[in-house]
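# Structure at a glance
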Amino acid sequence: GENVEQHPSTLSVQEGDSAVIKCTYSDSASNYFPWYKQELGKGPQLIIDIRSNVGEKKDQRIAVTLNKTAKHFSLHITETQPEDSAVYFCAAHLFNDMRFGAGTRLTVKP
Amino acid sequence: EAGVAQSPRYKIIEKRQSVAFWCNPISGHATLYWYQQILGQGPKLLIQFQNNGVVDDSQLPKDRFSAERLKGVDSTLKIQPAKLEDSAVYLCASSQSGGGSYEQYFGPGTRLTVT
């Protein structure tokens, strides 16, 4: 089955700086890569996603890039704000199976 | 549009007791998932339904966990008997089916503590 690794496990940035979270996957047949934001006491919220036929996608301050050859994808958050503080999960979809990374705890210091 | 609803939000039980969780997916979503999220980890799929049929339950501990989605809408997940290692957040998610739609939307989860 698919295996997803996520780095770093914790990330602390100053408000206004950029944050980058990276994930790798093992199965080249994976075709869909979502990113979720999870705040304390809440369920994961889908914030952006990318399909295997696209290299980059952007939505305001967040962007995702995909390198199919290297089998890795990244989340980029620019101009970070304190409300971006949360745990972020990447995932990879293969057939009917969605595998999640272990999460990155992002802290944005005001 | 209403999101995925789950209840209860919190549950504390003793080991060997039984517990049940309920989920109501987004209206019109044919696919429903139950995930287990242990503290500090990503969600792990337990079972996936397409309408009222099981698509994947390969990671469901069937000796103690069961789930059903009788009318293809609401679903219940049961644990009987519970063990200490079942302490986790149980997340329900739903998605549309077909047309290459993979987006999953999660409910708030049920936090289970087994003492």
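Residues numbered from 1 in each chain as written. Chains lettered and ligands numbered in written order. Predicted model: local features only at pLDDT ≥ 70, side-chain atom pairs only at ≥ 80, totals over all residues. Heavy atoms only, no water.

### Thoughts on the state of the cysteines
Applying the stated rule across the entire model yields two disulfides over all chains. Note that A:Cys23 is cross-linked by a disulfide to A:Cys90, the S-S spacing being 1.9 Å. One quick way to see it: the torsion about the S-S bond of A:Cys23 and A:Cys90 is about -100 degrees, and its sign makes the bridge left-handed. Of this pair, A:Cys23 sits in strand S3 (residues 19–25) while A:Cys90 sits in strand S9 (residues 86–94); the two residues are 67 residues apart in sequence, bridging distant segments of the chain. Just as A:Cys23 is buried, A:Cys90 falls in that class too. Through a disulfide, B:Cys23 is tied to B:Cys92; the S-S separation comes to 1.9 Å. (Disulfide = S-S within 2.5 Å. Helix = DSSP H or I, 4+ residues; strand = E, 2+ residues; numbered from the N terminus. Buried < 20%, exposed > 50% of the residue type's maximum accessible area, 1.4 Å probe, protein only.)

### Considerations on the interface of chain B and chain A
It is common to report an interface's size as the accessible area lost on association of the parts. Counting residues at the interface gives 21 residues for chain B and 20 residues for chain A. The interface formed by chain B and chain A contains one salt bridge. We note a salt bridge from A:Arg51 to B:Glu103, for which the minimum N-O separation is 3.5 Å. One can count four residue pairs in polar contact (both at pLDDT 80 or more) joining chain B with chain A. If you list the elements that add at least two residues to the side of chain B that touches chain A, you get strand S4 (31–37), strand S5 (44–50) and strand S10 (105–106) of chain B. In terms of residue class, the side of chain B that touches chain A is built from nine nonpolar, ten polar and two charged. (Contact = heavy atoms within 4.5 Å. Salt bridge = Lys/Arg side-chain N within 4 Å of Asp/Glu carboxyl O. Polar contact = N/O pair within 3.5 Å; in protein donor to acceptor, adjacent residues only side chain to side chain. Nonpolar A, V, L, I, M, F, W, Y, C, P; charged D, E, K, R; others polar.)

### What to know about the sheet that holds strand S7 (residues 65–68) of chain B
Residue and element names in this part refer to chain B. Within the open sheet, the four strands sit side by side as S1-S3-S8-S7. Their pairing is antiparallel. Only two strands of the sheet have a single neighbouring strand rather than two, namely strand S1 (5–7) and S7. Strand after strand, the sheet turns through a mean of 15 degrees between neighbouring axes, direction not considered. One ladder, built from four bridges, connects S7 with strand S8 (residues 75–79); its direction is antiparallel. Looking at S8, one finds that Phe65 is bridged to Ile79. (Pairing = 2+ DSSP bridges. Axes fitted to C-alpha atoms, helices over the stretch in contact; angles between N-to-C directions.)

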